[in-house]
Amino acid sequence: MASISELLRPEQIQLTLRGGDKSSVLRELVELAPELRDEPAQREVFLNSLLEREKLHTTAIGDGIALPHTRNPLGGLLKRSLIVFGRHAQGIPFAALDNKPVQLFFLIASTNLTEHLGVLARISRVLRDAKLRNELISAALPAQVISSIRETEQRLVK
């Protein structure tokens, strides 16, 4: 199973999300998914799946972080699991349990349930690291996001 830093690519990172609400931010994140760029109908299906998931229960986990994902894997659409990272300068309301606005978004899409659960577990683990969260808030370039995540993953494996 690939690490979080291996699933992220610079073109899947947006450090200046502009949306002012949950659905517009999710739309921005979906637009960054490489497998869906040339598939407008599939992008809409994916976006609607994300919005339906949010109706069940928020994917905001606190500390200004949300892990939007669908209830079902996207094996028919994806060749590999992917993560899209987005950062919102002010943060937006996302119904987090701690009521903090969300600034850091990790959109997760997987090809199967086992990998989906593995990605969720790994990303939740690295995001417990306060140093990483601070680095993600201050990163100026997508490469810095990937590097910070890679370093945190390596540190946690020791």
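Note that this is a predicted model, so its numbers are computed, not measured.

> Is there a simple way to think about the overall build of the protein in this case?
Per the secondary structure count, the protein includes six helices and five strands. Counting helices and strands in the order they occur from the N terminus, the protein gives α-β-α-α-β-β-β-β-α-α-α. Over its C-alpha atoms, taken along the principal directions, the protein stretches across nearly 40 × 35 × 25 Å. Every one of the 158 residues in the protein was classed for burial, and the buried ones make up 47%. For the protein, the proportion of contacts with a sequence separation of at least 24, taken over those separated by at least 6, is 68%. Counting only carbon and sulfur atoms, one obtains 52% of the accessible surface of the protein, whose full area is about 7900 Å². Taken as two groups, the 21 positive and 18 negative side-chain charges of the protein have centres that lie 4 Å from each other.

> Is there a simple way to think about unusual backbone geometry in this case?
Glycine aside, residues mostly have negative phi, and peptide bonds are mostly found in the trans state. Residue Ala-95 is not a glycine yet carries a positive backbone phi of 60 degrees. Residue placement: Ala-95 occurs in the loop between β4 (82-92) and β5 (102-109). We classify Ala-95 as exposed; its relative accessible area is 55%. Of note, Asn-99 is a non-glycine position whose phi angle comes to about 60 degrees, a positive value. Among the structural elements, Asn-99 can be located in the loop between β4 and β5.

> Help me understand the sheet that holds strand β1 (residues 13-14) in this model?
By definition, the strands of a sheet pair up through backbone hydrogen bonds, in either a parallel or an antiparallel sense. If you walk across this open sheet you meet the five strands as β1-β4-β5-β3-β2, and the pairing is mixed. Whereas interior strands pair on both sides, the edge strands pair on one side only; in this sheet they are β1 and β2 (60-62). Bridge count for β2 against strand β3 (residues 65-66) is two bridges, and the pairing is antiparallel. Note on β3: the bridge partner recorded for Ala-60 is Ala-66. Sheet strands touched by helix α4 (residues 113-126): β4 and β5. Its angle to β5, the strand with the most contacts, is close to 155 degrees.

Basis of the calculations
- Residues numbered from 1 in each chain as written.
- Predicted model: local features only at pLDDT ≥ 70, side-chain atom pairs only at ≥ 80, totals over all residues.
- Heavy atoms only, no water.
- Helix = DSSP H or I, 4+ residues; strand = E, 2+ residues; numbered from the N terminus.
- Buried < 20%, exposed > 50% of the residue type's maximum accessible area, 1.4 Å probe, protein only.
- Contact = heavy atoms within 4.5 Å.
- Areas by Shrake-Rupley, 256 points an atom, 1.4 Å probe, with all protein chains shown as cover.
- Lys, Arg positive; Asp, Glu negative; His and termini not counted.
- Charge placed at Lys NZ, Arg CZ, Asp CG, Glu CD.
- Pairing = 2+ DSSP bridges.
- Axes fitted to C-alpha atoms, helices over the stretch in contact; angles between N-to-C directions.

None of this, on its own, says anything about what the molecule does.
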